[in-house]
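# Examination of the molecular architecture
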Amino acid sequence: MDNVITRALTNLGHRVTSRIRRLGFASRFFAMTLVYSGTALKRFNLTIREIYFTGVLSLIIILVSGLFVGMVLGLQGYDTLQRYGSSEALGILVALSLVRELGPVVAALLFASRAGSAITAEIGLMKATEQLSAMEMMAVNPIARVVAPRFWAGIISMPLLAALFSAMGIFGGYLVGVQLIGVDEGSFWSQMQASVDFREDIVNGVIKSFVFGVVVTWIAVFEGYDSEPTAEGVSGATTRTVVTSSLAILAADFVLTAFMFRGV
Amino acid sequence: MSGEPLVEIRNLNFSYDGRPVLTGINMVIPRGKVVAIMGQSGCGKTTTLRLIGGQLKPTSGHVKVAGQVVHDLDDDGLYRLRRRMGMLFQFGALFTDMSVFDNVAFQLREHTDLPEDLIRDLVMMKLHAVGLRGAHRLMPSELSGGMARRVALARAIALDPMLIMYDEPFAGLDPISLSIIGELIRTLTQALGASSVVVTHDVQESLKIVDYVYFVSAGRIVAEGTAEDIRRSDAPYVHQFVWGEADGPVPFQYPAPAYADQILPGRALHG
Ligand SMILES: Nc1ncnc2c1ncn2[C@@H]1O[C@H](COP(=O)(O)OP(=O)(O)OP(=O)(O)O)[C@@H](O)[C@H]1O
Ligand SMILES: [Mg+2]
């Protein structure tokens, strides 16, 4: 009995320390990525190429999801608002939900599963097939040449994707609310314009998506670089990227929201 | 064998997680010579190359390349040294997101400011040397194993290094490519004045081109000598290896419990 408990405790202790150690590695890796970012920024075409792979290829899924989320918001919002006789406020409801919350969060979740997993798998496979080793032997730092461009590409793409998601969502809300249900078009747009605050709503939304971009790409490049150099290792790392970054996005969203909209 | 050697390994020990892989290695690679490291699978040949390239740090002893102790160098020093080394990886390790041409051009673009048309000429020269000039547009996934290895070879020599390490250059090559690549290793060494280390199992082919051979078994050097010495040697180890005999001092099995203990029914669970 005693034995079982001590073993369980030892096990738990091991798990906790190894998690903490990994977090330490990840932080060191983050710092190294920043230190070696010179190449990615100086030879910006390396980063642009990665923006194409991470950003442009996520575009379809982001646009389509944005449209559907916006259409659902239109339906749900109208249903609730018309009970209080304020259905012309639909524009505000759709825009604020998207810009403040759904745009950054849902776009980041989609980005994590579309682009984040791809980044992890790519870097993990490069490691497993000794491409990273070969690069090191050719006196080229893989963190500077492979990791940093992907990292910056993710950070640049994320806010843009979130903005496109929100824009598409607002369009979806407009389609359902105005075109389908028949909410007054003038008040839909004018109320939206009047109530969405640039600093309070738009800037805060952009800050969120920027933070999510850092978190997701950091996790993705680290998991890839740190993966076991085998097929199972890479697939495990890919799954971990999606799970960890989704949780991290939601947790970070809570913290950021608590700070940003305290006074509202 | 005069002058200061390019690579000097002294009393080198290395272990992976406490399991010794190399013990008491002493090795010298003179300038302008081709040296072979032979030994059965898993004896530590690739590990030796990685130690020379500074990708692994010895547990004790030292590795000197061009007068510098590799594992004492800082990152900058190590990278400066590696620019003058070329390595052919055992499994090619081509960059899968780049074409054959871009793979060979990689170091030229990273480390030099040469104009693109000059790079093109240099790359074509290297590809021509390995017989793959016509394949420069292909992606690595479109190459056969032997072709990939030849591209990797062209990439390893792109910057005309002073030390070229070949990890199994002959594996997966047909007899014609094999003797051409063998010749190439020889001529490169002469033309560049470089030193070459060839890790190989292919005793007959490599004895034609090498100046000196080290035989490694279970992480120790068990025999060494010039190609002539090796051919004539009657040391049981060398004899077994050169003539490919199953019986002799070289164990074919990775260390394991007695076979009978593992396969006899009823006792099988102990393994
Ligand atoms: N990353 C590693 N972690 C732990 N042990 C390793 C690792 N890489 C190699 N080894 C062990 O080190 C020993 C030597 O490996 P090495 O790759 O140098 O062999 P080799 O002589 O190149 O064999 P081969 O001819 O099959 O390529 C082997 O017993 C192997 O099990
Ligand atoms: Mg090997």
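Residues numbered from 1 in each chain as written. Chains lettered and ligands numbered in written order. Predicted model: local features only at pLDDT ≥ 70, side-chain atom pairs only at ≥ 80, totals over all residues. Heavy atoms only, no water.

## A word on the overall build of chain B
- A count of helical and extended segments in chain B gives 10 helices and 10 strands.
- Expressed as a percentage of the 271 residues in chain B, the buried residues total 51%.
- The long-range share in chain B, meaning contacts at least 24 apart out of those at least 6 apart in sequence, stands at 64%.
- Approximately 13,000 Å² of chain B is accessible, and the part contributed by carbon and sulfur atoms is 53%. (Helix = DSSP H or I, 4+ residues; strand = E, 2+ residues; numbered from the N terminus. Buried < 20%, exposed > 50% of the residue type's maximum accessible area, 1.4 Å probe, protein only. Contact = heavy atoms within 4.5 Å. Areas by Shrake-Rupley, 256 points an atom, 1.4 Å probe, with all protein chains shown as cover.)

## Some points on the site of ligand 1
Residue and element names in this part refer to chain B.
- The environment of ligand 1 is formed by 13 residues, the closest being S41, G42, K45, T46 and T47.
- Alone, ligand 1 offers 640 Å² of accessible surface; in the complex the protein occludes 68% of this.
- Of all the secondary structure elements, the ones that give two or more residues to the shell around ligand 1 are β2 (19-29) and α1 (45-52).
- In terms of residues, the shell around ligand 1 owes the most to one element, α1, which gives three residues. (Near = heavy atom within 4 Å.)

## A look at the coordination of the magnesium ion (ligand 2)
- Ligation of the magnesium ion (ligand 2) by protein atoms is provided by T46(B) (OG1) and Q90(B) (OE1), these donors lying 1.9 to 2.3 Å from the ion. Of this pair, T46(B) sits in helix α1 while Q90(B) sits in the loop between β6 (85-88) and α3 (100-111), and the two are 44 residues apart along the sequence. (Donors = N, O, S within 2.8 Å, 3.2 Å for Na, K, Ca; no water.)

## Section: the pattern of salt bridges
- Per the stated rule, a full pass over the model turns up 21 salt bridges over all chains.
- A network of salt bridges, in which partner residues are shared, links R49(A), E50(A), E122(A), R150(A) and D97(B). (Salt bridge = Lys/Arg side-chain N within 4 Å of Asp/Glu carboxyl O.)

## Looking at helix α9 (residues 231-260) of chain A
- Its 30 residues place the ends of α9(A) 43 Å apart at the C-alpha level, agreeing with the 44 Å of an ideal helix rising 1.5 Å per residue.
- Taken together, the buried residues of α9(A) touch α4 (90-128) and α8 (198-225) of chain A. (Expected span 1.5 Å × (residues − 1).)

## Remarks on the sheet that holds β6(B)
Residue and element names in this part refer to chain B.
- A sheet is described by the order of its strands in space; here six strands give the open sequence β6-β7-β8-β3-β9-β10, paired in mixed fashion. At either end of the open sheet lies a strand with only one pairing partner, and these are β6 and β10 (220-226). Neighbour-to-neighbour, the strand axes of this sheet turn through a mean angle of 15 degrees, independent of strand direction.
- Inspection of the sheet shows strand β7 (residues 163-167) paired to strand β8 (residues 195-200) by five bridges, in the parallel sense. Counted as the bridge partner of Y166 is V198 from β8.
- Of the strands in this sheet, β3 (34-38), β7 and β8 are in contact with helix α6 (residues 175-192), which crosses β8 at around 160 degrees. (Pairing = 2+ DSSP bridges. Axes fitted to C-alpha atoms, helices over the stretch in contact; angles between N-to-C directions.)

## Some points on the side chain of S209(A)
All names here are of chain A.
- As for its position among the elements, S209 is in helix α8.
- A polar atom in the side chain of S209 sits 3.0 Å from the backbone oxygen of V206.
- Beyond its immediate stretch of four places on either side in the chain, S209 contacts P104, M158, P159 and A162. (Polar contact = N/O pair within 3.5 Å; in protein donor to acceptor, adjacent residues only side chain to side chain.)

## Here we look at unusual backbone geometry
All names here are of chain A.
- Notably, E130 is not glycine yet its phi reads approximately 65 degrees, a positive angle.
- Considering the arrangement of structural elements, one finds E130 in the loop between α4 and α5 (131-137).
- Its relative accessible area of 18% is what places E130 among the buried residues.

## As for the packing of aromatic side chains
- One pass over the structure, following the stated rule, counts 13 aromatic pairs over all chains.
- When the centroid spacing of 6.4 Å and the interplanar angle of 25 degrees are considered together, the rings of F171(A) and Y174(A) count as stacked. Pair noted here: F171(A) and Y174(A) are both in helix α6 (residues 142-181), with a separation of three residues, about one helical turn.
- Exposure remark for F171(A): the relative accessible area of 40% places this residue in the partly exposed category.
- Look at F14(B) and Y16(B): their rings are 5.1 Å apart centre to centre, the planes differ by 85 degrees, and that puts the pair in the edge-to-face class.
- Of the aromatic side chains, those joined through ring pairs into one cluster are F30(A), F151(A), W152(A) and W218(A). (Phe/Tyr/Trp six-rings, centres within 6.5 Å; stacked < 30°, edge-to-face > 60°.)

## Focus: the nonpolar core
Residues and elements named next belong to chain B.
- In terms of nonpolar packing, the biggest core is built from 54 residues, with V7, I9, I52, V65, L163 and M165 touching the most fellow members.
- In terms of residue count, β2 provides more of this core than any other element does, five residues in total.
- V7 has contacts with M27, V28, I29, I52, K64, V65 and L163, leaving out every residue within four places of it along the chain.
- Membership of the second largest hydrophobic core comes to 49 residues, among which are F101, A152, A154 and Y237. (Core = buried A, V, L, I, M, F, W, Y, C linked by side-chain atoms within 4.5 Å.)

## Digging into the pairing of β7(B)
All names here are of chain B.
- In terms of burial, β7 is largely enclosed, as five of its five residues are buried.
- Burial of β7 is two-sided: the residues L163, M165 and D167 facing one way and the residues I164 and Y166 facing the other way are all buried.
- Pairing analysis gives four bridges linking β6 to β7, with the strands arranged parallel. The residue of β7 that forms the bridge with M85 is L163.
- The parallel pair β7 and β8 is bridged by α6, and the resulting crossover is right-handed. (Right-handed = clockwise from strand over helix to strand, strands pointing away.)

## Observations regarding the interface of chain A and chain B
- Counting from both sides, the interface comprises 19 residues of chain A and, opposite them, 23 residues of chain B.
- Roughly 1,800 Å² is buried in total at the junction of chain A and chain B, and carbon and sulfur atoms are behind 55% of that figure.
- On inspection of chain A and its partner chain B, the count reaches four salt bridges.
- Among the salt bridges present, the one from R145(A) reaches E110(B), with a minimum N-O distance of 2.6 Å.
- Linking chain A to chain B there are 10 residue pairs in polar contact (both at pLDDT 80 or more).
- If you list the elements that add at least two residues to the side of chain A that touches chain B, you get α5 and α6 of chain A. (Buried area = accessible area lost by both parts, 1.4 Å probe.)

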